[in-house]
Amino acid sequence: MTSATGSTPAPGSTPATGSGQAATPDPATRRRGRPPRAESGDKRDRILAAARTEFSERGYEKTSVRGIAKAAGVDSALVHHYFGTKEQMFEAAIEVAFAPALKGRDAVLAGPLADAGERMTRMIFGLWENPATRAPLLAIVRSAVNNDPAAAALRRLVSAQLLRRIAGELGTEDAELRAELAAAQLVGTAMLRYVIKVEPLASADVEQVIARLAPVVQTHLTGA
């Protein structure tokens, strides 16, 4: 049928409104390419949450990018788009799980250096004693022990964001070695207590463990 102007609208064109302007397109068809920013953020968060679960339940070796994508309800290409390789995905996942330790780092550095050993010991054992943070820590440690890429990712995170910050406050030439020895004392004890569960250490009162360890950690940090 011919319009009032005597011309027929072209097939597929948008009908004019009463004001002579094109009608607003349906929101469902407005964006066909990249998802809106809010939707992108939601998908990224879902991928990260799925990765934490997959790595925690399966370990690094048995977790795949495809499995993470399936758990998150997205395409594998989107996982690579946001996070890159599997190792980079693991590093992003453990950074979230390791966040309480990074916050605790600031508490270790907040007070007098003479008490830093006890604060560092309490911070580490506070994480292991809390069921909410113990589960992801166990997953991280088990993955790092059994797999070189996972160990490398954990090493980068711990060295760059925890130990170097602590070493920077010591002011000695061997500060990094001191910070690493202090960490080794705590990590080794935590492994025996929470992962291998060697008795009587595994069942010992945590305050007793802290009281025994804190002076040793202090000696590693400051030599006093």
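It should be emphasised that the depicted structure is a prediction, and the values quoted were computed from it without experimental measurement.

(A) Looking closely at unusual backbone geometry. With an omega of 10°, the peptide bond running from E199 to P200 counts as cis. Its location among the elements puts P200 in the loop between α10 (175-195) and α11 (206-222). Phi angles above zero are rare outside glycine, and K197 is one such case at about 60°.

(B) The environment of E129, seen in detail. As for its placement among the helices and strands, E129 is situated in helix α7 (residues 116-129). Along the sequence, E129 and Y194 sit 65 residues apart, while their C-alpha atoms lie 8.9 Å from each other. Beyond its immediate sequence surroundings of up to four residues, E129 is in contact with R134, R193, Y194 and V206.

(C) Spatial organisation of the side chain of T121. Mapped onto the elements of the fold, T121 is located in helix α7. Residue T121 is classed as buried on the basis of its relative accessible area of 0%. Other than its neighbours up to four places away in sequence, T121 contacts L186, I210, L213, A214 and V217.

(D) Up close: the packing of aromatic side chains. Evaluated as defined, the whole model comprises six aromatic pairs. Here W128 and Y194 contribute two aromatic rings whose centre-to-centre distance is 5.2 Å and whose plane-to-plane angle is 10°, an arrangement assigned as stacked. Placement of W128 in helix α7 and of Y194 in helix α10 is noted, with a sequence separation of 66 residues between them. Each of the two residues, W128 as well as Y194, counts as buried. Residue placement shows K86 over the ring face of Y60; its charged tip is 4.5 Å from the ring centre.

What counts and how
Residues numbered from 1 in each chain as written. Predicted model: local features only at pLDDT ≥ 70, side-chain atom pairs only at ≥ 80, totals over all residues. Heavy atoms only, no water. Helix = DSSP H or I, 4+ residues; strand = E, 2+ residues; numbered from the N terminus. Contact = heavy atoms within 4.5 Å. Buried < 20%, exposed > 50% of the residue type's maximum accessible area, 1.4 Å probe, protein only. Phe/Tyr/Trp six-rings, centres within 6.5 Å; stacked < 30°, edge-to-face > 60°. Lys NZ or Arg CZ within 6 Å of the ring centre and 35° of its normal.

Read these as geometric descriptors, not functional statements.
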